[in-house]
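Topology and contacts: notes
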Amino acid sequence: MRLTSILQGVLILVITGFCALALGQARNARTPGAGGTVEPKPVPPPYLVITKLDGSQVKGHLVASDPGSVTVRPPAPPGKPQNEPVAVKWAEIKTVSNGLTRQKVLGQWRVEHAGELCDTCKGEGMVVCATCKGTLHDPAKLDKNCPTCKGELLVDCKAPRCDKGKVPCPKPCLKLTDAGWFDRGGEKWRRFPEKGGFYEVSEHHVGQLVVTDKDGRKSTVPCPTCGGTAQIDCPVCHGTAKMPCPVCKKNDAAGACPDCGGKGLQACKTCAGTGMRAQPQQ
């Protein structure tokens, strides 16, 4: 009996020790810091594969993207110092594995830098080549009697919805062409349902966004994309209402334009290709 009691006591001590150890580990797992809160793991930046026009690839974690380039940091072998970031110009990029495009980056970048964009290129950083007018070819070797452009190298812009170089703002800001407007007192009005009733706006709010706050109430804010005009420059003609002559553009026998290398675009001289308005010197 005495031996049995001793064995039972030892077993209880062993079990108690294991329980205490497990409890301590659980507490340590839940409270790694003095505050007793679990710090969430930071989300790593996306891993990209950039395929260049020459077929080569640049792989790494996204560091930054802007209208000029995409910057990634190639992964380093375990235990080695991290690699330096590598910037790849959009002019060299064919595709990006996550679907990123220069147009998407440019759109967001324009919103973030509204009011700071170059007045000439509107943030593009590039303008249509003044020599070839965007036809890509050497104008000295193009047909001076082209039946389409009569030697002007340009024709009226045929882009959908282009009206004198402008197209409707792609954001859902108020536009008079939208359905739902009604007449009242010689003005046009629109009505939006909101918590507790309706929110009404007049035509004087065209170019503004209708937003809803956390309480379900609506109001209007300026649209950062169009600046309240409800229009933006046509992406095809860049606001000029003209586009390169399609016949001249297909004339590969004329050779590449000597000033733009057959790209049809040149760096904007006003902003030196930055897309930003020059800041006054202090």
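Residues numbered from 1 in each chain as written. Predicted model: local features only at pLDDT ≥ 70, side-chain atom pairs only at ≥ 80, totals over all residues. Heavy atoms only, no water.

Here the focus is the pairing of strand E12 (residues 208-212). Looking at chain direction, E12 and strand E13 (residues 218-222) are connected through 5 bridges and run antiparallel. Bridging across to E13, Gln208 finds its partner in Pro222. Hairpin connection from E12 to E13: 5 residues lie between these consecutive antiparallel strands, with Gly216 at a positive phi of about 85 degrees. (Pairing = 2+ DSSP bridges. Helix = DSSP H or I, 4+ residues; strand = E, 2+ residues; numbered from the N terminus.)

As for its placement among the helices and strands, Ser202 is situated in strand E11 (residues 197-202). Taking the relative accessible area as the measure of exposure, Ser202 reaches 7% and is therefore buried. Ignoring anything within four residues of it in the chain, the contact list for Ser202 reads Trp181, Glu187, Lys188 and Trp189. (Buried < 20%, exposed > 50% of the residue type's maximum accessible area, 1.4 Å probe, protein only. Contact = heavy atoms within 4.5 Å.)

We now examine the packing of aromatic side chains. Under the criterion given, the structure shown has 0 aromatic pairs. Its end group placed over the ring of Phe198, Arg191 keeps NZ or CZ at 5.1 Å from the ring centre. (Phe/Tyr/Trp six-rings, centres within 6.5 Å; stacked < 30°, edge-to-face > 60°. Lys NZ or Arg CZ within 6 Å of the ring centre and 35° of its normal.)

Ranked by size, the top nonpolar core spans 15 residues in total, and within it Cys149, Cys157, Cys162, Cys234, Cys245 and Cys248 carry the most contacts. If near-sequence neighbours (up to four positions away) are discounted, Cys157 is found in contact with Cys162, Cys234, Val236, Cys237, Ala241, Lys242 and Met243. Counting 11 residues, the second largest nonpolar core, distinct from the first, contains Ile50, Val70, Val72 and Val88. (Core = buried A, V, L, I, M, F, W, Y, C linked by side-chain atoms within 4.5 Å.)

Strand order in the open sheet made by the 5 strands is E4-E3-E2-E1-E5, with antiparallel pairing throughout. Because the sheet does not close on itself, it has two edges, and the strands there are strand E4 (86-89) and strand E5 (93-96). In this sheet, adjacent strand axes meet at a mean angle of 45 degrees when their direction is disregarded. The pairing of strand E2 (residues 57-65) with strand E3 (residues 69-73) spans 4 bridges and is classified as antiparallel. Of the residues in E3, the one forming a bridge with Ala64 is Thr71. (Axes fitted to C-alpha atoms, helices over the stretch in contact; angles between N-to-C directions.)

All right, on to the sheet that holds strand E9 (residues 182-184) then. The antiparallel open sheet is built from 3 strands, whose spatial order is E9-E10-E11. In the strand order of this sheet, the two ends are held by E9 and E11, each with one partner. Pairwise comparison of adjacent strand axes, ignoring direction, gives a mean angle of 45 degrees for this sheet. Both strand E10 (residues 187-194) and E11 contribute to a ladder of 6 bridges, which runs antiparallel.

In total, this model carries 0 disulfides according to the counting rule given. The thiol of Cys146 is unpaired, and the distance to the nearest cysteine sulfur, on Cys149, comes to 3.7 Å. (Disulfide = S-S within 2.5 Å.)

For the rest of this paragraph, the subject is helix H2 (residues 102-112). Turning to H2, its buried residues are Val105, Leu106 and Trp109. Viewed along the axis of H2, the buried residues span an arc of 100 degrees, placing them on a single side of the element. Those residues of H2 that are buried lie in contact with E2. (Arc of directions from axis to C-beta.)

In this structure, Cys257 sits in the loop between helix H3 (246-249) and strand E16 (265-267). Owing to a relative accessible area of 2%, Cys257 belongs among the buried residues under this scheme. Residues Cys257 and Lys141, 116 residues apart in the sequence, show an inter-C-alpha distance of 9.5 Å. In contact with Cys257, other than residues within four places in its own chain, are Cys129, Thr131, Cys132, Leu136, His137, Asp138 and Gly262.

From the geometry alone we can't say anything about function, so treat these as descriptive.
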